[in-house]
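# What the coordinates show
Okay, here's what each chain looks like letter by letter:
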Amino acid sequence: MPNIFISYSSKDRDFAKHVAYELRKHGADIFIDYQKLEAGNFVKQIGNKIERCDQFIVILSPNSVESQWVQDEVAWALIRNKTIIPLILEVCSMTNLFAVASREQVDFTSWRLNGDINEAIEKLVRLLDLPTNITQGDIVHIFSSDSGKGIEGYSIDILVETPLNKKSEPLKTVEISKTFEGSDLFTLFTSATEMEGENPLQALFIYQRILETDPNYMDGTIQTFVDRRKKQLIPAIVEEMMGNAYVAIATGEWKKAKQFAQDALQFDVDALGADSVIEICDRNIPCEAVYKQAIVAAQSSRWRSVSVLLQDIRKTCPDYGDPSRLLPINSELIRSLDLGLHLVIPTETNQTPFSLKFDPSGHSLATGFRNDRIQTWAIPSGKVGSTFSTPEAEKISNNGWNVGKISYSYSGEYFASISCARDLQVWRYWERHCRLDGGDGAISAFDFSRDEKRVVTGSNEGLLKIWLLPDGSPTAVIANFEQKNINFLSFLSNENTVLSSANDGKILIWDVKSNTYITLVDDKNDSPIVTTLSKDRNYLATGTNDGFIHLWDLASRRKLIKFKAHEGAVRALSYAPDNSILISGGGDRNMKLWQVPEGIELAFKEHPYPISALDFSHDGTLIASACNQEPKINIWGII
């Protein structure tokens, strides 16, 4: 019976187990999992297993090529002159494992699409020179020592592998007892303590097995010890599981991400973000199969098919994100765009715009000027609409106050601006509706919820408040002393989650219900001076003083790209409605269109002064731009 070692990343464990299951049916003796090792020096035992194997299989994926364990195992197999057979689970860079790139490979990339890998298994069986006849009987995967030593009384459950291929008959679960000498428990116990940092889940598993085997171990204090270790290890386990969930989301594997989140909840019913992950996964799982087809089409350079499939995903699962971010860039996918000046709206000589926003219907544009003055303009005619300011403006001696932040609610029923009194003025159908008082801290940022029933405000003292509409009563207060001078706020897709950005370089994601947060960015050197979200609230763009734009995927909480956009500071950013284009304005007086997330420049226009405000219309056909030293507003069309 040939002895085969399988090297893989733990993130690809399900696939590795399935390959092992298939090969065992053809009579192979497979080593696949560290749990089959005896407790003790695991590194030495792994080396011995590789040295004694007849064949060495390495499963290649983006996960495994970055794994130091896999790299070390392949290196040792090369040194020992083993026959190495690479299995391609996912297309990936071979830079770290270039020595096996030229070897005959077996392509399993279609497995994630349909679960049927019979053709690939047949090729693998031929390469391994295994008998083609399939053996019968249950294949048992042992999670314990194989030493065979023992005294009666010590027993441990042994689990059975289950095939992933739907065409295979499922195996029956069995229980087998193994016995151990007393010294084995000590060896298992010390091994568990050593692996806590690297693999807390496996350490906890071993602790639990020891407790079940001998409740009187350690003079009966083992239960107290295990309970104590659980409290300390579970946060790390949950963090790892949620990290795996976000990685799965980033690769379009929604079912896998949901399973990781559900596993996290098994350890901690209050696991931060798990419910949100499950919710978004349920919405996007229907599009996962289409996305897998897009990957296969991209691997075949069938770019028109890719375009059709991605368009279907965006329509069917609008909060899926932009799946094209994972596909290779091709010139056919890069647009050819330009900006044409559509309309120039002159303002009064002493009135230069500091902020502007299209209303959701696209029929008007609101602008904020000095002296707490707000003006609306009809689109596309450019005619003056309404002019208004707050009553408090006449009581404030500082006539230089600029209306720097304005916004509409999603339907356009509400409009709000930060007033000269540093509170929030809310209008309803252009009638003054309510005034939200910032209290001790001046309001510096705000956002409407999608259902228009709430407003979140942030102050320069780091205070977050949730207000109810239509009455404007406060419902929640978050004393955020970790972050002051908040310059941007937004509800995310889950409206119990709020993103906040501040001048100190921190971007936090808050769970309003639990008053807890996670840190997305904490970098004073790349402190964002302007922040915006995509219209589906899945992507974040920030601009910095040194002219760089940073793009983030909020689903996976990872940075997608950082690129140089302007020679001066980035002063304004706005996403197109389909989230595939970003417009930026800088202190270098340039306005630029970018294809995102690739960061490809599509068009640019130069202004006479540094740009102070930009906004896309809600249908994506128009862009408004303004300079706070020029008494006019430019309306551009994308051509």
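Presented here is an overview of the structure given in this document.

This paragraph deals with the overall build of the protein chain. Summing up its helical and strand segments, the protein chain has 13 helices and 33 strands in all. Out of the 639 residues in the protein chain, the part that is buried amounts to 54%. In the protein chain, 53% of the contacts between residues at least 6 apart in sequence involve partners at least 24 apart. Per element, the accessible surface of the protein chain, about 28,900 Å² overall, is 48% carbon and sulfur.

With that settled, consider the environment of Thr-193. Note on placement: Thr-193 falls in helix H7 (residues 182-195). Separated by 13 residues in the primary sequence, Thr-193 and Ile-206 place their C-alpha atoms 9.6 Å from one another. Among the polar contacts listed, one links the side chain of Thr-193 to the backbone oxygen of Thr-190, at a separation of 2.6 Å.

A few words now on the packing of helix H9 (residues 222-250) against helix H10 (residues 254-267). As a packed pair, H9 and H10 sit with axes 8 Å apart at the nearest point and diverge in direction by 165°. On the basis of the axis angle, H9 is roughly antiparallel to H10. Note on packing geometry: the crossing formed by H9 with H10 is left-handed. For the pair formed by H9 and H10, the contact residues are Ile-234, Ile-237, Val-238, Met-241, Met-242, Asn-244, Ala-245, Ala-248 and Ile-249 on the first element and Trp-254, Lys-256, Ala-257, Phe-260, Ala-261, Asp-263, Ala-264 and Phe-267 on the second. Its residues assigned to classes, the contact of H9 with H10 shows 14 nonpolar, one polar and two charged.

Spatial ordering of the open sheet is given by S27-S28-S29-S30, a layout of four strands whose pairing is antiparallel. Looking at the sheet topology across the chains shown, the edges are occupied by strand S27 (570-575) and strand S30 (600-606). When strand polarity is set aside, the average angle formed by the axes of neighbouring strands in this sheet is 20°. Note: strand S29 (residues 590-595) against S30, six bridges, orientation antiparallel. Each bridged residue has a counterpart across the sheet, and for Trp-594 the counterpart in S30 is Glu-601.

A separate point is the packing of H10 against helix H11 (residues 274-284). Between H10 and H11, the shortest axis-to-axis distance is 9 Å and the interhelical angle comes to 155°. By the angle between their axes, H10 is roughly antiparallel relative to H11. Crossing of H10 against H11: the hand is left-handed. Facing Trp-254, Ala-257, Lys-258, Ala-261, Gln-262 and Leu-265 of H10, the residues of H11 in contact are Ala-274, Asp-275, Val-277, Ile-278, Ile-280, Cys-281, Asp-282 and Asn-284. For the contact of H10 with H11, the class distribution of residues is nine nonpolar, two polar and three charged.

A cis amide bond links Leu-469 to the next residue, Pro-470, at an omega of 15°. Assignment of secondary structure puts Pro-470 in the loop between strand S17 (463-468) and strand S18 (473-479). Omega for the peptide link from Val-596 to Pro-597 comes to 10°, which places this bond in the cis form. Non-glycine residue Asp-219 carries a positive phi angle of around 60°. One can find Asp-219 in the loop between helix H8 (200-213) and H9. A residue is classified by how much of its surface remains accessible, and Asp-219, at 79% relative accessible area, is exposed. Unusually for a residue other than glycine, Arg-537 sits at a positive phi of about 60°. Mapped onto the elements of the fold, Arg-537 is located in the loop between strand S23 (528-533) and strand S24 (539-544).

What follows is about the nonpolar core. Counting 48 residues, the largest nonpolar core has Tyr-207, Ile-210, Ile-222, Met-242, Ile-249 and Val-277 as the members making the most contacts within it. Elements supplying a minimum of two residues to this core: H7, H8, H9, H10, H11, helix H12 (288-299) and helix H13 (303-316). Per-element accounting of this core gives the leading share, 13 residues, to H9. Membership of the second largest hydrophobic core comes to 25 residues, among which are Leu-23, Leu-89, Ile-117 and Leu-128.

We now examine the state of the cysteines. Considering all chains together, one arrives at one disulfide under this definition. Here Cys-287 engages in a disulfide with Cys-317; their sulfurs sit 2.0 Å apart. One disulfide, between Cys-287 and Cys-317, carries an S-S torsion of 90° and so falls in the right-handed class. Of this pair, Cys-287 sits in the loop between H11 and H12 while Cys-317 sits in the loop between H13 and strand S6 (339-346), placing them 30 residues apart in sequence. Overall, Cys-317 belongs to the buried group, its relative accessible area being 2%.

This next bit is on H11. Taken together, the buried positions of H11 are occupied by Ala-274, Val-277, Ile-278, Ile-280, Cys-281 and Asn-284. Next to the buried residues of H11 lie H9, H10 and H12.

On to the packing of aromatic side chains, then. The relative placement of two aromatic rings is captured by the distance of their centres and the angle of their planes. Applying the stated criterion to the full structure yields 16 aromatic pairs. Ring geometry for Phe-15 versus Phe-108: centroids 5.4 Å apart, planes at 75°, classification edge-to-face. A residue pair is termed long-range when its members are at least 10 positions apart, and Phe-15 in helix H1 (residues 13-24) and Phe-108 in the loop between strand S5 (106-107) and helix H5 (111-114) qualify at 93 residues. With a relative accessible area of 2%, Phe-15 lands in the buried category. Exposure remark for Phe-108: the relative accessible area of 0% places this residue in the buried category. Ring pairs connect the aromatic residues Phe-388, Tyr-408, Phe-415, Trp-427 and Trp-430, which therefore count as one cluster. Directly above the ring of Phe-369 sits Arg-373, whose terminal nitrogen or CZ lies 5.3 Å from the centroid.

Quick notes on the rules
- Residues numbered from 1 in each chain as written.
- Predicted model: local features only at pLDDT ≥ 70, side-chain atom pairs only at ≥ 80, totals over all residues.
- Heavy atoms only, no water.
- Helix = DSSP H or I, 4+ residues; strand = E, 2+ residues; numbered from the N terminus.
- Buried < 20%, exposed > 50% of the residue type's maximum accessible area, 1.4 Å probe, protein only.
- Contact = heavy atoms within 4.5 Å.
- Areas by Shrake-Rupley, 256 points an atom, 1.4 Å probe, with all protein chains shown as cover.
- Polar contact = N/O pair within 3.5 Å; in protein donor to acceptor, adjacent residues only side chain to side chain.
- Axes fitted to C-alpha atoms, helices over the stretch in contact; angles between N-to-C directions.
- Parallel < 35°, antiparallel > 145°, perpendicular 65-115°, else oblique.
- Left-handed = near helix turned anticlockwise from the far one by under 90°.
- Nonpolar A, V, L, I, M, F, W, Y, C, P; charged D, E, K, R; others polar.
- Pairing = 2+ DSSP bridges.
- Core = buried A, V, L, I, M, F, W, Y, C linked by side-chain atoms within 4.5 Å.
- Disulfide = S-S within 2.5 Å.
- Phe/Tyr/Trp six-rings, centres within 6.5 Å; stacked < 30°, edge-to-face > 60°.
- Lys NZ or Arg CZ within 6 Å of the ring centre and 35° of its normal.

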